[in-house]
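If you want the building blocks of each chain, they are given just below.
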Amino acid sequence: MRITLPDGSVREYAQPVTAGQVAADIGAGLAKAAIGAKVSGVLTDLHRPITADATLAIVTKPRQDKQGLSKGEVDPDALYLLRHSTAHVMAEAVCRLWPDAKLAYGPPVDSGFYYDIALETPISSDDFPRIEAEMKKIVEENRPFTRYELPPEEGMGRLKAEGNKYKIDNAQRAIAGGAKSLSWYATGQPNANWEDLCMGPHVPATGAIAAFKVTSVASSHWHGDVNSDRFQRLYGTAFFSQADLEQHQKLQEEAKQRDHRLIGTKLGLFTIDEQVGQGLILWKPRGGMLRTILEDFLRAKLIELDYSLVYTPNIGKIDLYKTSGHYPYYADSQFPPIKMRDSDDEYLLKPMNCPHHCKIYASDPHSYRDLPVRLAEFGTVYRFEQSGELSGLTRVRGFTQDDAHIFCTHEQVPGEFAATIQLVQFVFKTFGFNDVHIRLSLRDPSSDKYVGDPRNWERAESQLRQVLRDLGMSFTEAAGEAAFYGPKVDFIVRDVIGRKWQLGTVQLDYNLPERFKLEYVGQDNATHRPAMIHRAPFGSMERFTGILIEHYAGAFPLWISPEQFRVLPVSDKFNEYAMKVHAALKGADFRGRATVDLSNERVNAKIKVAQDDKVPYMLVVGGRDQEAGTVSVRDRVRGDLGAMPLAAFIEKAGREIASHGGEIVKV
RNA sequence: GCCACCUUAGCUCAGCGGUAGAGCGGUGCUUUCGUAAAGCACAGGUCGUGGGUUCAAGUCCCACAGGUGGCUCCA
């Protein structure tokens, strides 16, 4: 048998050998650090025999520095093994504490692992210390994870005898998926210790689990089906050192400080009032200023790109949405219709802007010479999101899309689509979003939720794919994520706690032009149906603002900061000069958003408050400044920049604003 | 919508059967001050809402509303 190692060297063995033995042959240090193996690319147990020629990479525990922190980036495979194994330990601890617990499924996830458990008794966070204490015992016993296999029939017999329908289901799925045997892992010895039906792989023994924590409990459903059995999903995480765990917890804490709901309250950006309604955002003056700046920025760009700005009402007759196909398709996720007093007419709060824009297009005859027609609007829409889904600014019931619809010939689609993609990228680049995932969302051919001619879909999907390729963009494809009327390209970012949100989107639609019978007269003097592109670079002003708050931790770059300058007189003897400076900033070409702090406080206190308010520039003024006509500039990040003539500061600030510059500031 | 947890002053939170607390913020006074919080005083709460248990309920129980974390959903 030839075992090829990552450095290309080959070791020959006459008999089946385990990765652990190979590791020992290479060196004692490697053997000691080894916790698993990648055999021909497949992650596996250290002690599973290798029976054929294979490539082999030993998965090792990370080395640690003097503080006990793992050096470099920890191998994701190593973390996978560790966390999968810790999930078993947690499950055993739960089974000890609640003997009637039935286990379902317990995989590693991004930052830890979970186990879905069917149990009548609710587990609460108060129980975590008890669970952790049991886990600690199991870890300290340093029991080996022992794998054994049973033939499918024998295995199923055993599972049926045990009567856990979830495990039976798991096993049936494994067999249906081609598994030739069922595998169990005993945490210790078979028949002597706790065991779980599991594909593996695992670390060699529980002692490898250096640091762990039960982090939260939530609810989940069998196969994700709300009508099916409910589980308690117990989340935890594990690391190779206590220091790693502590660092992880510290980072989590820091991330929470960036949460837009916290910062939004602190900085007075927005509020949500119970009496106004769930998921309905009240933009406070500072948030309103921020939004206005964002809208002005985009509006200027749209005018430059030959968009036409339109306005449409917040409601429309239900018939409009029957024509568009949105109703009753999404009846459940809309606010109920408004019934009229003196007729049978019903109106809907508009869930989308496109039908209105289609009607604007249809109100005039169009020649191919007019196309493309690009209708843009900051359009507010209402969607009845499930109450449990609402979250700050990121998931709301009323929001404003920076929406536009481009009506064009089929020949113009690739060009227009590419231009809109570039617009979205321009927006993201301006705000320094570098970690954006681009997803080509396609239909799921096996689903019946999609409308329109499959040939149109195929053409649309391949057009989009080609545009993305031509632009040299990296993207993933996701079947089943398309809108019901067409494929789309979505721009996805994560919030501080790792949740993914769609911001920008560009969608291709052959359906609505059909439904609204939109037309243009071609060069051939015949009528043709235009194609339609929906696009929203920000997506929703609410969500974009929420993510932006987290992105900058509330410390907005000068050009979008709701308050750019705060003048701080060192005592009220200099209030008059301070007000002059304030007026000069407001009167500058860029019409500075400036305030002056006339409170009866010492300058130290004024600085502290301005710093907390994340004001980019503080202008301290006292006697020296008054005499010399200067301002003493304090940068939010760099601190005191010293005195400079007021005119010089205004020039500097003007340049910074015009550049749309801004760095990401640490909390 | 489902499950768990949470809801006390504008904000952050303590109090967990026995007459409502702190810090910050607010107001007033004193201080007139040069780069991350001067001092003193005062105001501010039917403890989310509605029921119940109890001699007595922020405190225990139930329902509802809102929030948080998940699940499901997301045109």
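From a predicted model like this one, the values you see are computed outputs, not experimental measurements.

### Points about the pairing of strand S35 (residues 639-645)
- Here 6 bridges tie strand S34 (residues 630-635) to S35, and the two strands are oriented antiparallel to one another. The residue bridging Val-631 from the neighbouring strand is Met-644, located in S35.
- Once S34 ends, the chain turns through 3 residues before running back antiparallel as S35.

### Things to note about the protein's contact with RNA strand B
- Taken together, 53 residues are adjacent to RNA strand B, and Ser-387, Glu-389, Asn-600, Arg-624 and Ser-632 come closest.
- The contact atoms of RNA strand B, taken as those within 4 Å of the protein, divide so that sugar and phosphate hold 49%.
- Tyr-485 places a side-chain nitrogen or oxygen 3.4 Å from a sugar or linking oxygen of RNA strand B.
- The element contributing the most residues to the surface near RNA strand B is helix H17 (residues 603-612), with 6 residues.
- Its residues placed into classes, the surface near RNA strand B shows 16 nonpolar, 20 polar and 17 charged.

### Some words on the packing of helix H16 (residues 575-587) against helix H19 (residues 646-658)
- Remark: H16 packs on H19, axes separated minimally by 11 Å, with the N-to-C direction vectors making an angle of 35°. Along this stretch, H16 crosses H19, giving a crossing that reads as right-handed. Contacts between H16 and H19 involve Val-581, Ala-584 and Leu-585 on the former and, on the latter, Leu-646, Phe-649 and Ile-650.
- Of the residues assigned to the contact of H16 with H19, the class counts are 6 nonpolar, no polar and no charged.

### Overview of the pairing of S34
- In terms of burial, S34 is a largely internal element, 5 of the 6 residues being buried.
- Bridge count for strand S33 (residues 617-621) against S34 is 4 bridges, and the pairing is antiparallel. Considered in S34, the bridge of Val-620 is made with Ser-632.

### Brief notes about the sheet that holds strand S32 (residues 594-596)
- Pairing within the open sheet is mixed, and its 5 strands lie in the order S32-S31-S33-S34-S35. Lying at the two open borders of the sheet, with one neighbouring strand each, are S32 and S35. Geometrically, the sheet is characterised by an average inter-axis angle of 25° between neighbouring strands, direction not taken into account.
- In terms of strand pairing, strand S31 (residues 565-569) meets S32 through 3 bridges, oriented parallel. Paired with Arg-566 across the strands is Thr-595, a residue of S32.

### Focus: the packing of helix H3 (residues 76-97) against helix H4 (residues 128-140)
- Here H3 crosses H4 at 120°, and the two axes come no closer than 8 Å. In this structure, H3 meets H4 at a crossing whose hand is right-handed. Contacts between H3 and H4 involve Thr-86, Val-89, Met-90, Glu-92, Ala-93, Val-94, Arg-96 and Leu-97 from the first element and Arg-130, Ile-131, Glu-134, Met-135, Lys-137, Ile-138 and Val-139 from the second.
- Taken together, the residues that form the contact of H3 with H4 break down as 9 nonpolar, 1 polar and 5 charged.

Parameters and conventions
Residues numbered from 1 in each chain as written. Chains lettered and ligands numbered in written order. Predicted model: local features only at pLDDT ≥ 70, side-chain atom pairs only at ≥ 80, totals over all residues. Heavy atoms only, no water. Pairing = 2+ DSSP bridges. Helix = DSSP H or I, 4+ residues; strand = E, 2+ residues; numbered from the N terminus. Near = heavy atom within 4 Å. Polar contact = N/O pair within 3.5 Å; in protein donor to acceptor, adjacent residues only side chain to side chain. Nonpolar A, V, L, I, M, F, W, Y, C, P; charged D, E, K, R; others polar. Axes fitted to C-alpha atoms, helices over the stretch in contact; angles between N-to-C directions. Left-handed = near helix turned anticlockwise from the far one by under 90°. Contact = heavy atoms within 4.5 Å. Buried < 20%, exposed > 50% of the residue type's maximum accessible area, 1.4 Å probe, protein only.

Such coordinate-based values are descriptive only and should not be taken to indicate function.
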